[in-house]
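# What the coordinates show
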Amino acid sequence: MAERVSAWAGSMTKDEFNDLVREQLGEPKQLELNWVAAVDPDHTIYIKAYMDSFVFQCKEVQNVIEDYYSDAYQEALNNPMATR
């Protein structure tokens, strides 16, 4: 008996298994919704979030570069032998 159940369960696809579980639990099938279109049809929220993240990352990189070269830059500015 266990072998038959194992063979039967092993031949099921993921969707078939989910349908069987929903049927046993008595859950209705959910409708598929396009959440992005329903919430942000013109993509302005997405674009703003993307650009904010991009600018934040650029500022972080800028700070790392400035911190790395700040000592050498100050040394070059204070060097009396530097040509101006």
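As a reminder, the structure under discussion sits directly above these lines.
Quantities reported herein were computed from a predicted structural model and do not represent experimental measurements.

### Describing the overall build of the protein
Secondary structure assignment for the protein yields 4 helices and 0 strands. Overall, the protein shows an N-to-C arrangement of helices and strands of α-α-α-α. Across the 84 residues of the protein, 2% fall into the buried class. Total accessible area on the protein is roughly 8,400 Å²; 60% of this is exposed by carbon and sulfur atoms.

### Overview of helix α4 (residues 44-78)
The end-to-end C-alpha separation of α4 is 48 Å, in line with the 51 Å expected for 35 residues at 1.5 Å each. When the local axis directions of α4 are compared, the greatest deviation, roughly 45°, occurs at S70.

### Looking at a nonpolar patch on the surface
Side chains of Y46, I47, Y50, M51, F54 and V55 sit close together on the surface and give an oily, nonpolar patch of about 610 Å² of accessible area. Within the fold, V55 resides in helix α4.

### Examining the environment of I45
Mapped onto the fold, I45 is located in helix α4. What I45 contacts, discounting residues up to four positions off in sequence, is V39 and D40.

### Brief notes about the side chain of D40
Mapping D40 onto the fold places it in the loop between α3 (35-39) and α4. The buried charged residue D40 lacks any salt bridge partner; its closest oppositely charged side chain belongs to K48, at an N-O distance of 12 Å. At 2.9 Å, the side chain of D40 and the backbone nitrogen of Y46 are in polar contact. For D40, the contacting residues outside a window of four places in its chain are I45 and Y46.

### Details of the packing of aromatic side chains
According to the stated counting rule, one finds 2 aromatic pairs in the structure shown. With a centroid separation of 6.3 Å and an interplanar angle of 25°, the aromatic rings of Y46 and Y50 are classed as stacked. Placement of both Y46 and Y50 in helix α4 is noted, with a separation of 4 residues, approximately one turn of the helix. Under the relative-accessibility criterion, Y46 is labelled exposed at 54%. Both rings, one in Y68 and one in Y69, keep their centres 4.8 Å apart while their planes meet at 85°; by these two values the pair is edge-to-face. With a relative accessible area of 64%, Y68 lands in the exposed category.

Cut-offs applied
Residues numbered from 1 in each chain as written. Predicted model: local features only at pLDDT ≥ 70, side-chain atom pairs only at ≥ 80, totals over all residues. Heavy atoms only, no water. Helix = DSSP H or I, 4+ residues; strand = E, 2+ residues; numbered from the N terminus. Buried < 20%, exposed > 50% of the residue type's maximum accessible area, 1.4 Å probe, protein only. Areas by Shrake-Rupley, 256 points an atom, 1.4 Å probe, with all protein chains shown as cover. Expected span 1.5 Å × (residues − 1). Bend = angle between axes of the 7 residues up to and from the residue. Patch = residues over 30% accessible without salt bridge, like charges linked within 9 Å, V, L, I, M, F, W, Y side chains within 5 Å. Salt bridge = Lys/Arg side-chain N within 4 Å of Asp/Glu carboxyl O. Contact = heavy atoms within 4.5 Å. Lys, Arg positive; Asp, Glu negative; His and termini not counted. Polar contact = N/O pair within 3.5 Å; in protein donor to acceptor, adjacent residues only side chain to side chain. Phe/Tyr/Trp six-rings, centres within 6.5 Å; stacked < 30°, edge-to-face > 60°.

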